[in-house]
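Report on the structure
Next come the chains, spelled out residue by residue.
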Amino acid sequence: MLVGVMPAMVPPEKRSEMKWRSLLPQQCILLIMCLLMALEAVPIDIDKTKVKGESHVEGEKIENPMKWRSLLPQQCILLIMCLLMALEAVPIDIDKTKVKGESHVEGEKIENPDTGLYYDEYLRQVIDVLETDKHFREKLQTADIEEIKSGKLSRELDLVSHHVRTRLDELKRQEVARLRMLIKAKMDSVQDTGIDHQALLKQFEHLNHQNPDTFEPKDLDMLIRAATSDLENYDKTRHEEFKKYEMMKEHERREYLKTLDEEKRQREESKFEEMKKKHGNHPKVHHPGSKDQLKEVWEEADGLDPNEFDPKTFFKLHDVNNDRFLDEQELEALFTKELEKVYDPKNEEDDMVEMEEERLRMREHVMNEVDINKDRLVTLEEFLRATEKKEFLEPDSWETLDQQQLFTEDELKEFESHISQQEDELRKKAEELQKQKEELQRQHDQLQAQKQEFQQVVKQMEQKKLQQGNPPAGPAGELKFQPPGEHKVGEAPKQPAGDDQPLPPGHTQEPAARTDQVHP
């Protein structure tokens, strides 16, 4: 019932819980006749010469041991006919409300369709954990949609077992961590710093961001309210997206025609009209939810006799998850036969996106007609009440999408104008990016030129040093030999060649001081 605020997430599967209806009176009579004929088959005696060691009590009446002759060919044919008729008896469903302990095939897993919510997995996990608690599950089954939406059911969370609360706490912490990671990734993409996760978490309304560690009744209430609101707007959003999809198709087709010459354009127009006509040539589509439409499912999908159509049995057959409701997915599965009349994935003229939009329209129509309390679920009582209406027996004809105008010329022009504006904005951004690219390239070229000039200057300086006798620098910047005027420690400076020149008149050369002379 908690999934009453959202489409139940169990897709329709093949029905295998079947039992056979009692044989018809004619079949019973034929079967009895065959059995009687078999019992009246001619007996033959056992060969007594081959029977040994037989004894009987004196005075006891001896009856000849008998065995049965094989059935006559006519009897065999009649018996086979009866068996075939019995095997062709009409199957009906088992009362699922009385079946207990049914086991599924090992490894079999029911895939749940996506609800389209960004917190879809978190919602599923919370529901699955809550339904493991016996007390909460019982409250859930007896609660109505108003109790759920008002938050009364959320207060029952205080009574669930400890391990369930622990698991819910863990799920919430994982969801908060996931949201923070998404926020960080988004902010990193725009190179923003100083992220305030607590402030950004306020935009998520399906959990209490002020308490990121424990799952409280407020969290369940917020989750229910958010899912209810989001799913109510989900169908509207899908319709808008589909309309844009159709207008974009037409826009691209017209733009393509502008690129063709007159002859090719006429050929393309003729092909388009031919495909459109071919798509519209399909069998009659029954009104969704009408008796004719349900009887067709009863006969072709369920393999039952259309003359024995029973709404109550039909409801139980298609309540796949046995929750006593027909949810949105279970309703949409009922329209598959009708959609197959119009759409074939192998045909070029059939668009599968349009098929899903048609399915959505059918489901919405049935929900509006049958779902009295607007909880997005159909109960057995609501279903049976709908079968008593005049519209169920004498419905209006159903117009498919190809028979409707999805948009007007004005809407298409407005859409194309919006696209043109977007293209202009993208073009401007592209031009700005191109200018930035050119500026960066110019700066790069300048840096390369400066680098080359610097390298040239360094090369020239090195050449001048070599010409002046200065040694080039080593790898570590040290000089490879000592420059003039310097000498190693402990060595006397060498006299340069050409120093023995005559002294000026009146000057005498002083003798060099002796190093071995001792001074007082």
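Just so it is clear, the model here is predicted, and its values are computed rather than measured. (Residues numbered from 1 in each chain as written. Predicted model: local features only at pLDDT ≥ 70, side-chain atom pairs only at ≥ 80, totals over all residues. Heavy atoms only, no water.)

Bringing the layout of surface pockets into the picture now. Of the voids in this model, the second largest pocket is the one considered here, and its volume is about 1000 Å³. Along the walls of the second largest pocket sit 27 residues, with Glu246, Lys249, Glu250, Phe272 and Glu354 positioned nearest its centre. Taken together, the elements giving at least two residues each to the lining of the second largest pocket come down to helix 8 (217-258) and helix 9 (262-280). Class assignment of the residues belonging to the lining of the second largest pocket gives a composition of 7 nonpolar, 4 polar and 16 charged. (1 Å grid on protein atoms, 1.4 Å probe; cavity = no way out; pocket = protein on both sides within 12 Å on 5 of 7 lines; lining within 4 Å. Points joined across faces, edges and corners; volume = space filled by probe spheres on them. Helix = DSSP H or I, 4+ residues; strand = E, 2+ residues; numbered from the N terminus. Nonpolar A, V, L, I, M, F, W, Y, C, P; charged D, E, K, R; others polar.)

A full pass over the atoms with the stated rule returns 5 aromatic pairs. Between Phe315 and Phe383 the ring centres are 5.7 Å apart and the planes differ by 50°, which places this aromatic pair in the tilted class. Of this pair, Phe315 sits in helix 11 (residues 311-318) while Phe383 sits in helix 15 (residues 380-386), and the two are 68 residues apart along the sequence. Overall, the relative accessible area of 4% leaves Phe315 in the buried class. A relative accessible area of 8% places Phe383 in the buried class. An aromatic cluster of three or more residues is present, and its members are Trp298, Phe309, Phe314, Phe315 and Phe383. In this arrangement the basic side chain of Arg253 is found over the ring face of Phe272, its NZ or CZ atom lying 4.1 Å from the centre. (Phe/Tyr/Trp six-rings, centres within 6.5 Å; stacked < 30°, edge-to-face > 60°. Buried < 20%, exposed > 50% of the residue type's maximum accessible area, 1.4 Å probe, protein only. Lys NZ or Arg CZ within 6 Å of the ring centre and 35° of its normal.)

What follows concerns the pattern of salt bridges. Once their charged atoms are close, side chains differing in charge can pair, the charge on each being opposite to the other. Summed over the entire model, instances satisfying the criterion amount to 31 salt bridges. Here Glu328 makes a salt bridge to Arg363, at a shortest N to O gap of 3.4 Å. Of this pair, Glu328 sits in helix 12 (residues 328-333) while Arg363 sits in helix 14 (residues 352-370); the two residues are 35 residues apart in sequence, bridging distant segments of the chain. The burial state of Glu328 is the same as that of Arg363; both residues are buried. (Salt bridge = Lys/Arg side-chain N within 4 Å of Asp/Glu carboxyl O.)

Let's shift gears to the side chain of Glu250. Examined against the element boundaries, Glu250 turns out to sit in helix 8. Within the structure, the side chain of Glu250 is placed 3.0 Å from the side chain of Arg253, a separation counted as a polar contact. Look past the residues within four positions of Glu250 in its chain and what remains in contact with it is Phe407 and Leu412. (Polar contact = N/O pair within 3.5 Å; in protein donor to acceptor, adjacent residues only side chain to side chain. Contact = heavy atoms within 4.5 Å.)

Under the feature "domain: EF-hand" (unreviewed entry), the UniProt entry names residues 306-341 and 358-393. For the annotated span residues 306-341, helix accounts for 56% and strand for 6% of the residues, and the straight-line distance between the end C-alpha atoms is 19 Å. With 67% helix and 6% strand, residues 358-393 has end C-alpha atoms that lie 22 Å from one another. (UniProt positions renumbered as here; feature names shortened; annotations may be inferred.)

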